[in-house]
Amino acid sequence: MDLELSTADIAFRDDLREVFLGEVPADIRRRSALNQTTHDDIVTSQRILNRHGLAVPHWPAAWGGKGWTATQSHIYGSELQRAAVPQPLAFNVSMVGPIIAEFGTEEQKQKFLPATANLDIWWSQGFSEPEAGSDLASLKTTARRDGDHYVLNGQKTWTTLGQHGDWMFVLARTDTHAERKQQGISFLLLDLTTPGIERRPIRLVDGSAEVNEFFFDDVVIPAENLVGEENKGWTYAKFLLGNERNSIAQVGTAQRIYADLAAAAAGTDTGTGTLATDPAFRGSMHSLKTRLIALEATQLRVTGASENGQASPVSSLLKMEGTQALQDLTRLRMTAAGADGALVSADGDLVADPAASAATTQYLNLRKLSIFGGSNEIQRGVIAKTILGL
């Protein structure tokens, strides 16, 4: 595959850089690079992108899409990540938005899509449950049809950034007697101000609450908030999860971290040289660089490959290999940081080197990548079945 850009693609890339580097405030991008992005940073940057027509370029043209080529879409994603611009909220732009655009009614599109693109609505994902994570089809939350509404009961967990959610897209079982567990599931849109919802933060080891759990007790959802056909939600979920796995790979982010790693290694004295000249460390860096080149080529194959509501099975390969590369990369970056990567000093104050500290927090936080979005063990099964035909 030829990874060199054409003259037109270079001009396209430079136009994107003018917005990413010239319009998105530097302090927002700096916090993003240090893994310290705030709620307001995400909202501000997405609205800037939306104002320039760059928040939802992969949506249908009628709703803000740009009709880009696969190469242009790849350039957009890579440059956004390299510039450390906060990603447009994935729950909005890569998950529920494309589902509504593809399968929703005209009324749903008019009501939700403009607000979703501009982050006037912050969407939360209501998929995982205590006994249905990677094996999502085992979910037990039910939505019983009662006249012109559904009655929702159950629990969702590991809801990332759910503390900010205004609405939630929920997978719920609407037919409890279906022959296969993938059948009888529907895709519903839920206003999180509806009575009967309890939202609880899940405190992590660092004291933050990146994830949450939700409890539903006879929550009423208007039947007009059903997306597509009843009991067809698993089909829509597969389409959505393909998009999610593509974004989890974060190849552009990995390339930015690699550049930071190379600079840190060159500046780290080992007594006999630098980390960059240490044969073992240098070998690990070169191995990762080769993997990133291969991942970029794979991402080009996957970008724009979903057609007719069917996700590309190669997205599973991209997700698995991309997350492993990010984990290996952040481990090396933390190694280069050494003692400077301590989260706090002996007296409990924040460390003086925020970039080194960020290396440690990134390493710890990105352990999750091989689990969420469908664990890598599950992806191996998908690859064996859909790509290798085993």
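Quick caveat: nothing in here was measured; it's all calculated off a predicted structure.

### What to know about the overall build of the protein
- Assigned secondary structure in the protein consists of 12 helices and 8 strands.
- Against the 2.2 N^0.38 benchmark of 21 Å for 390 residues, the protein shows a C-alpha radius of gyration of 22 Å, consistent with a compact globule.
- Principal-axis analysis of the C-alpha atoms gives the protein an extent of 75 × 55 × 45 Å.
- Of the roughly 18,000 Å² that the protein leaves accessible, carbon and sulfur atoms contribute 51%.
- With 36 positive and 46 negative side-chain charges, the protein shows a separation of 4 Å between the mean positions of the two kinds.

### Brief notes about a nonpolar patch on the surface
- A cluster of nonpolar residues, Ile387, Leu388 and Leu390, forms a patch on the protein surface that exposes about 340 Å² of accessible area.
- Mapped onto the elements, Ile387 comes out in the segment after helix H12 (376-386).

### Thoughts on the side chain of Glu213
- Structurally, the position occupied by Glu213 is in strand S7 (residues 211-222).
- With no salt bridge to any partner, buried Glu213 finds its closest opposite charge in Arg200, at an N-O distance of 4.3 Å.
- Among the polar contacts made by the side chain of Glu213, one reaches the side chain of Gln155 at a distance of 3.1 Å.
- Look past the residues within four positions of Glu213 in its chain and what remains in contact with it is Gln155, Lys156, Thr157, Glu198, Arg199, Arg200 and Ile202.

### Points about the nonpolar core
- Phe20, Leu49, Trp123, Phe169, Phe187 and Leu189 are the most contacted members of the largest nonpolar core, which has 55 residues in total.
- The set of elements that each furnish at least two residues to this core consists of helix H1 (7-22), helix H3 (39-51), helix H4 (70-82), helix H5 (90-103), helix H6 (106-117), strand S4 (167-173), strand S5 (185-191) and helix H7 (233-248).
- Of all the elements, H5 adds the most residues to this core, at 7 residues.
- Not counting residues up to four positions away in its chain, the partners in contact with Phe20 are Arg29, Leu49, Leu54, Tyr76, Glu79, Leu80, Ala83 and Val85.
- Membership of the second largest hydrophobic core comes to 21 residues, among which are Ile257, Leu261, Leu292 and Leu366.

### Considerations on the side chain of Arg333
- The residue Arg333 is located in helix H10 (residues 314-337) in this model.
- Given a relative accessible area of 7%, Arg333 falls into the buried group.
- For Arg333, the contacting residues outside a window of four places in its chain are Asp260, Leu261, Ala264, Ala355, Ala356 and Ala359.

### Some remarks on H4
- Between its first and last C-alpha atoms H4 spans 18 Å; for 13 residues at 1.5 Å apiece the expected length is 18 Å, and the two agree.
- Those residues of H4 that fall on the buried side of the exposure criterion are Gln72, His74, Ile75, Tyr76, Ser78, Glu79, Leu80 and Gln81.

### A few points about the packing of aromatic side chains
- In total, this model carries 12 aromatic pairs according to the counting rule given.
- When the centroid spacing of 5.0 Å and the interplanar angle of 75° are considered together, the rings of Phe112 and Trp167 count as edge-to-face. Taken as a pair, Phe112 in helix H6 and Trp167 in strand S4 lie far apart in primary sequence, 55 residues in all.
- A relative accessible area of 12% means that Trp167 is categorised as buried.

### Some thoughts on the packing of H1 against H4
- Between H1 and H4, the least distance of the axes is 10 Å, while the angle of their chain directions is 35°. In the crossing of H1 with H4, the sense of the turn from one axis to the other is right-handed. Between H1, through Asp9, Phe12, Arg13, Leu16, Arg17 and Phe20, and H4, the contact on the second element is made entirely by Thr71, Gln72, Ile75, Tyr76, Glu79 and Leu80.
- Looking at the contact of H1 with H4 residue by residue, the class counts come to 6 nonpolar, 2 polar and 4 charged.

### Quick word on the pairing of S5
- The buried count for S5 comes to 6 of 7 residues, which makes it a mostly enclosed element.
- Direction of pairing for S4 relative to S5: antiparallel, over a ladder of 7 bridges. The residue bridging Leu171 from the neighbouring strand is Phe187, located in S5.
- Sheet analysis places S5 next to strand S8 (residues 226-227), joined by 2 bridges and oriented antiparallel. Bridge pairing in S8 links Leu188 to Leu226.

### Observations regarding H12
- Those residues of H12 that sit buried are Asn376, Gln379 and Ile383. When H12 is viewed along its axis, its buried side chains cluster within an angular range of 45° and face the same direction. In H12, those exposed residues whose orientation departs by more than 90 degrees from the buried face are Glu377 and Lys385.

### Quick look at the confidence of the model for the protein
- Residues at a pLDDT of 70 or more form 90% of the protein, whose mean pLDDT is 87.
- Low pLDDT (under 50) marks residues 306-310, which in the prediction has 8 contacts with non-local residues, meaning those over four places away or in another chain.

Conventions adopted
- Residues numbered from 1 in each chain as written.
- Predicted model: local features only at pLDDT ≥ 70, side-chain atom pairs only at ≥ 80, totals over all residues.
- Heavy atoms only, no water.
- Helix = DSSP H or I, 4+ residues; strand = E, 2+ residues; numbered from the N terminus.
- Rg over C-alpha atoms; globule rule 2.2 N^0.38 Å.
- Areas by Shrake-Rupley, 256 points an atom, 1.4 Å probe, with all protein chains shown as cover.
- Lys, Arg positive; Asp, Glu negative; His and termini not counted.
- Charge placed at Lys NZ, Arg CZ, Asp CG, Glu CD.
- Patch = residues over 30% accessible without salt bridge, like charges linked within 9 Å, V, L, I, M, F, W, Y side chains within 5 Å.
- Salt bridge = Lys/Arg side-chain N within 4 Å of Asp/Glu carboxyl O.
- Buried < 20%, exposed > 50% of the residue type's maximum accessible area, 1.4 Å probe, protein only.
- Polar contact = N/O pair within 3.5 Å; in protein donor to acceptor, adjacent residues only side chain to side chain.
- Contact = heavy atoms within 4.5 Å.
- Core = buried A, V, L, I, M, F, W, Y, C linked by side-chain atoms within 4.5 Å.
- Expected span 1.5 Å × (residues − 1).
- Phe/Tyr/Trp six-rings, centres within 6.5 Å; stacked < 30°, edge-to-face > 60°.
- Axes fitted to C-alpha atoms, helices over the stretch in contact; angles between N-to-C directions.
- Left-handed = near helix turned anticlockwise from the far one by under 90°.
- Nonpolar A, V, L, I, M, F, W, Y, C, P; charged D, E, K, R; others polar.
- Pairing = 2+ DSSP bridges.
- Arc of directions from axis to C-beta.
- pLDDT = per-residue confidence, 0-100.

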